[in-house]
Every structure is written in C-alpha cells, then in structure tokens.
Amino acid sequence: MTNVCLDCGKCCLETEMILSQEDVKRIINNFEGEIEQEDFCNISSDGFLQLRNNDHHCYFFDTLTKTCIIYDTRPQGCKFYPLIYNMKEDKCVLDEDCPKPSVFYPNINERKKTCLEIIKFLKNQLKINF
Ligand code: SF4
Ligand code: SF4
C-alpha cells in the first residue's frame, strides 16, 4: 500500500513524530551514507527523541518526489500513522491531518488491532505508563 500517499506527504511536514531507540538504531544501521543521531533527532519538550525538521519538513522527506527516503525503515510511529494515540482522550484516533485515513484503516477491527500494537509500543519502547 505504498502508492496511496503519492502527491500528499502532509504528515511529513512539521513532523513531531516520537522515535524509540530501536527506531534510531534501525535508521542509522540501514541508511545509505553517513548519518548520525543528531542529524535527524531532536529532544522534545517531554524529553523524547523526535524527528527533526529541515525547512518545515521531516529530515527524511524528499520534497521533489514527496516521498520518504527511508520508507522501509521509517519510524514505527510513521508505520502506525494515521492511527495515533491521543493521551488527553486516552484512546487511539485517526489523525485529522491525513486526507485518506480510511484507506489505511478501513474498519474498526483494523483500528483496534493496531491500537493494541501502538499501546504495546508506547509501553515497551517508549516506557510510557498509562
Ligand atoms: S499517511 Fe496520510 S497524510 Fe501521510 S502522506 Fe499518506 S495520505 Fe498523506
Ligand atoms: S520518517 Fe518518513 S514517513 Fe516519517 S515523517 Fe519522515 S519522511 Fe515522513
């Protein structure tokens, strides 16, 4: 399902995507060329590793092709997207910024299944307790 995002890339603009240590290691180990954590990571105000923006878009977003240059090894949060966990509402929601969320999550069962994976990811890899 890699073609559904063509000509969009909205979620890669002004990204605030949180990264796990596993994400960072996987990206560095698979990147073609030299790259260091500081090149693509910031520390969020909550103390989490976060994707860095360059000129208002994710470090890994190619503005010409509007694609992710590390698609296969992109952060886990980008793989879950547009399903995200809303801490305030304490539940998974489809991000309103994505114009075609139903393409990725066509039914409630898909959302429920991925929501469990998101919660596991948040607990195990980001060490967030609910
Ligand atoms: S996931 Fe949604 S917002 Fe992101 S590029 Fe695809 S269609 Fe656009
Ligand atoms: S890592 Fe890729 S999919 Fe994730 S925000 Fe950056 S460009 Fe978009």
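For the structure, see preceding data.
Structural notes, computed from the coordinates. (Residues numbered from 1 in each chain as written. Chains lettered and ligands numbered in written order. Predicted model: local features only at pLDDT ≥ 70, side-chain atom pairs only at ≥ 80, totals over all residues. Heavy atoms only, no water.)

1. Brief notes about the overall build of the chain
Selection criterion: Note on conventions: DSSP H or I runs of at least 4 residues are helices, E runs of at least 2 residues are strands, and numbering of each starts at the N terminus. Throughout, radius of gyration means the C-alpha value; the globule benchmark is 2.2 Å times the number of residues raised to the power 0.38. A simple rule labels every residue: compare its accessible area, found with a 1.4 Å probe on the protein chains alone, to the largest value its type can have, and call it buried under 20%, exposed over 50%, or partly exposed in between. Contacts are assigned to residue pairs that have any heavy atoms within 4.5 Å of one another. Values of accessible area rely on a 1.4 Å probe in the Shrake-Rupley scheme; residue burial ignores everything except the protein chains shown. The charge count treats Lys and Arg as positive and Asp and Glu as negative. His and the chain ends do not count. Here the site of a charge means NZ on Lys, CZ on Arg, CG on Asp, or CD on Glu.
Scanning the chain from N- to C-terminus turns up five helices and nine strands. Mapped in sequence order, the helices and strands of the chain form the string β-α-α-β-β-β-β-β-β-α-β-β-α-α. On C-alpha atoms alone, the chain measures out to a radius of gyration of 15 Å, which is about the 14 Å that the 2.2 N^0.38 rule sets for 130 residues. Dimensions of the chain, computed from the C-alpha atoms along their principal axes, are close to 40 × 35 × 25 Å. Buried positions account for 33% of the 130 residues belonging to the chain. By sequence separation, contacts in the chain at least 24 residues apart represent 56% of the contacts at least 6 residues apart. Counting only carbon and sulfur atoms, one obtains 48% of the accessible surface of the chain, whose full area is about 8,600 Å². On the chain, the mean spot of the 16 positive side-chain charges and the mean spot of the 21 negative ones are 9 Å from each other.

2. Looking at the side chain of T15
Mapped onto the elements of the fold, T15 is located in the segment before β1 (18–19). Taking the relative accessible area as the measure of exposure, T15 reaches 10% and is therefore buried. In this structure T15 touches L51, N53 and C58, once residues within four positions along its chain are discounted.

3. Let's talk about the site of ligand 2
To keep it simple, the criterion reads: The cutoff for a nearby residue is simple: one of its non-hydrogen atoms must lie within 4 Å of the molecule or strand. Nonpolar residues are Ala, Val, Leu, Ile, Met, Phe, Trp, Tyr, Cys and Pro. Charged residues are Asp, Glu, Lys and Arg, and all others, Gly as well, are polar.
The environment of ligand 2 is made up of C12, L51, C58, F60, F61, C68, P75 and C78. Residue classes in the shell around ligand 2 are distributed as eight nonpolar, no polar and no charged.

4. Things to note about the state of the cysteines
Cysteine pairs can be linked by a disulfide, which is a covalent bond between their two sulfur atoms. This is how it is decided: Note on terminology: pairs of cysteine sulfur atoms within 2.5 Å are recorded as disulfides.
Across all of its chains, the model carries one disulfide by this definition. Two residues share a disulfide in this structure: C92 and C115, whose sulfurs sit 2.1 Å from each other. Of note, the bridge from C92 to C115 carries an S-S torsion of about 85° and is right-handed in sense. With C92 in strand β9 (residues 91–94) and C115 in helix α5 (residues 108–124), this pair connects stretches of sequence that are 23 residues apart. Residue C92 shares its accessibility class with C115, and that shared class is buried.

5. Topic: the site of ligand 1
Taken together, C5, C8, G9, K10, C11, Y81, C98, P99, K100 and F104 make up the full set of residues adjacent to ligand 1. Grouping the constituent residues of the shell around ligand 1 by class yields seven nonpolar, one polar and two charged.

6. Observations regarding the pattern of salt bridges
For clarity, the cut-off: In the sections that follow, a salt bridge refers to a side-chain nitrogen of Lys or Arg positioned within 4 Å of a carboxyl oxygen of Asp or Glu.
For the structure shown, the criterion picks out two salt bridges. Note that D23 and R26 form a salt bridge whose closest N and O atoms lie 2.7 Å from each other. On the criterion of helical spacing, the pair formed by D23 and R26 is a turn pair, its members being three residues apart in helix α1 (residues 21–30). Overall, D23 belongs to the buried group, its relative accessible area being 1%. Judged by relative accessible area, R26 falls into the partly exposed class, the value being 22%. Across the pair K91 and E89 runs a salt bridge, and its minimum N-O distance is 3.8 Å. Here E89 falls in the partly exposed class, since its relative accessible area comes to 47%.

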